[in-house]
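Residue strings, one per chain:
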Amino acid sequence: MYRTIRTGSPRKPAVLIGLPAGTSRLPKSLIELDEAHGGRIKLAMRSRMFRGESGDVIVEGEDIVLVGLGEMDSLDLNAIRRLGGRLVRKLHEMDIHALDVEIDLTIPRRIAGPESVGQALAEGMVLANWQVDFFDGKATTNTPSSGSLSLGSACQDVRGGMRRGIILAESTNESRRLSATPPNICIPSWVAQQARAAARKYGFKCRVISFAEAKRLGMGGLVNVGKGSSHKPCMMILEHKPARPRPGHRLALVGKTMTYDSGGYSLKISNSMKGMKYDMNGGAAVFGAMVAVARLKLPVHVFAVLPCAENLVSGDAYRPDDIITMHNGVTVEVTNTDAEGRLILGDALSWTCRRLKPTAIVDVATLTGGVVVGLGHFCAGLWCENTAFRNQVEAAAESTGERVWQLPLWEEHRAFMRSQHADIWNSGPSRNAHPIQGAAFLSYFVDEKIPWAHLDIAGVSAVEKRDDLHVVGPTGYGVRLLSEIVARTGA
Ligand code: BES
Ligand code: ZN
Ligand code: ZN
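So, a few notes on the structure that sits alongside this text.

Definitions and limits used
Residues numbered from 1 in each chain as written. Chains lettered and ligands numbered in written order. Predicted model: local features only at pLDDT ≥ 70, side-chain atom pairs only at ≥ 80, totals over all residues. Heavy atoms only, no water. Helix = DSSP H or I, 4+ residues; strand = E, 2+ residues; numbered from the N terminus. Polar contact = N/O pair within 3.5 Å; in protein donor to acceptor, adjacent residues only side chain to side chain. Contact = heavy atoms within 4.5 Å. Near = heavy atom within 4 Å. Areas by Shrake-Rupley, 256 points an atom, 1.4 Å probe, with all protein chains shown as cover. Nonpolar A, V, L, I, M, F, W, Y, C, P; charged D, E, K, R; others polar. Buried < 20%, exposed > 50% of the residue type's maximum accessible area, 1.4 Å probe, protein only. Pairing = 2+ DSSP bridges.

Examined against the element boundaries, H301 turns out to sit in strand β11 (residues 301–311). A polar contact is formed between the side chain of H301 and the side chain of E239, at a distance of 2.7 Å. Aside from chain neighbours lying at most four places away, what touches H301 is E239, H240, K241, P242, P245, H249, R250 and L251.

In structure tokens, the structure reads:
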């Protein structure tokens, strides 16, 4: 794939035209462009059997690229992202390095304006251009990324949208790079190093709470979960504080960052352990969102909090039956060491409420296998009992195409987490309503007055099958969603 995709004023670009399914005559909006290309767009349409199915691509000569928009009824931003993905693979195959994007000319404004079209297309292209090649060795059969693709457009709004889309997708790819890094390299201190480097590069603040400090702060969750590994836990706090933030808003993003989850003494059986390097994808999403928020210079005061640990087995590891005291003084009976995410998040949430006093919180976590059973890989589970904030999260998800689905969190669920030997247990005696148990547990650590949304992304943060936007591996789910939630805060 391409090493870089950029906007610019490409020389001798191929022109990109979108055509709805079943177009037989040149649309009026393309007449001028067709004349400028000596009537060759019309010719290209006729000379090939072009049906215009979504994502069909035809390259005519070296300078005309036709892409199918599919049926207008089903054309939306997500379809545009996906066709961007299919397009970039084809362009690379055809060795095209400069593109004049004119697909907005045939997309009615009621479906999407030129800026959104440019953004969605560029997002799709940059997401699909990503590959996991950092660990290709001497025996690789993959071709390394090379060359660049330069994107221009006659329309200023399309160009602006593409710039935004590239930033959002590159930030998503930053997140995917962390996720894809294997757990023998990606240990808590490595994540902290990455956070510090990103803070320097993109201009946000970074502070790291060490293992020793976490002990002093009484973070029983983070300390106990992480102490069994020789790679000790830590917690990173990133802060984006623009010069003139929208007044009255301080948004906190909290991400579960388990660099590896073996299950601990409640050991995962081998098949379900594989892939647990992705148990840090909530933190990676929050990390990527901070990169995007800083690069886009969004006028909102935002914090990201990443509790980070490795859940292993050793003579120092915590065990089932342990009772631990969390940062806010709540005691927890450990019934299962594999329900570790909620323990590190509980401390992070309580610390965030007390120290950062945010006006709203979103936490993102690969929290339960149960959410994968319930919702599959189609959407994340969403818990949010504050209607206004839930509307904001749902509207953001609608526009970025990272879908969410609400599940309930009632007093009965909270009561179910009460234990006989301590205040609460980290997992109930039955697996009933498993993902909701996770949310109910977390609610014990969030200040009631602060609007709070919990996203369980266990089903959506990595894919096992290649699709239009992703190769097998992390999807970066949440980076664009969180950035959009930030953008809508106080707007
Ligand atoms: N990290 C897992 C959840 C998970 C499962 C993420 C599958 C991605 C794919 C989490 O820490 C966990 O182990 N959850 C247990 C909880 C249970 C032991 C209470 C689960 O879901 O089985
Ligand atoms: Zn676990
Ligand atoms: Zn986990």
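Structure shown, so let's carry the discussion forward.
All right, on to the site of ligand 1 then. Of all residues adjacent to ligand 1, which total 17 residues, the nearest are K268, D279, D338, E340 and G369. Measuring from an oxygen atom of ligand 1, one finds a side-chain N or O atom of K268 at 2.7 Å. Backbone polar atom of G369 to an oxygen atom of ligand 1: 2.6 Å apart, as the coordinates give it. Here ligand 1 has 520 Å² of accessible area as a free molecule, and 86% of this is covered by the chains. In the shell around ligand 1, the residues fall into four nonpolar, six polar and seven charged.

With eleven of its eleven residues buried, β11 lies for the most part within the structure. Burial along β11 is two-sided: the residues H301, F303, V305, P307, A309 and N311 and V302, A304, L306, C308 and E310 are all buried. As judged from the seven bridges shared by strand β8 (residues 234–240) and β11, these two strands associate in the antiparallel manner. Its bridge partner lying in β11, C234 is registered against C308. Where strand β9 (residues 250–255) lies against β11, five bridges are found, and the strand directions are parallel. Within β11, the position partnered with L251 by the bridge is V302. Summarising the sheet, strand β10 (residues 257–261) and β11 pair through four bridges and their orientation is parallel.

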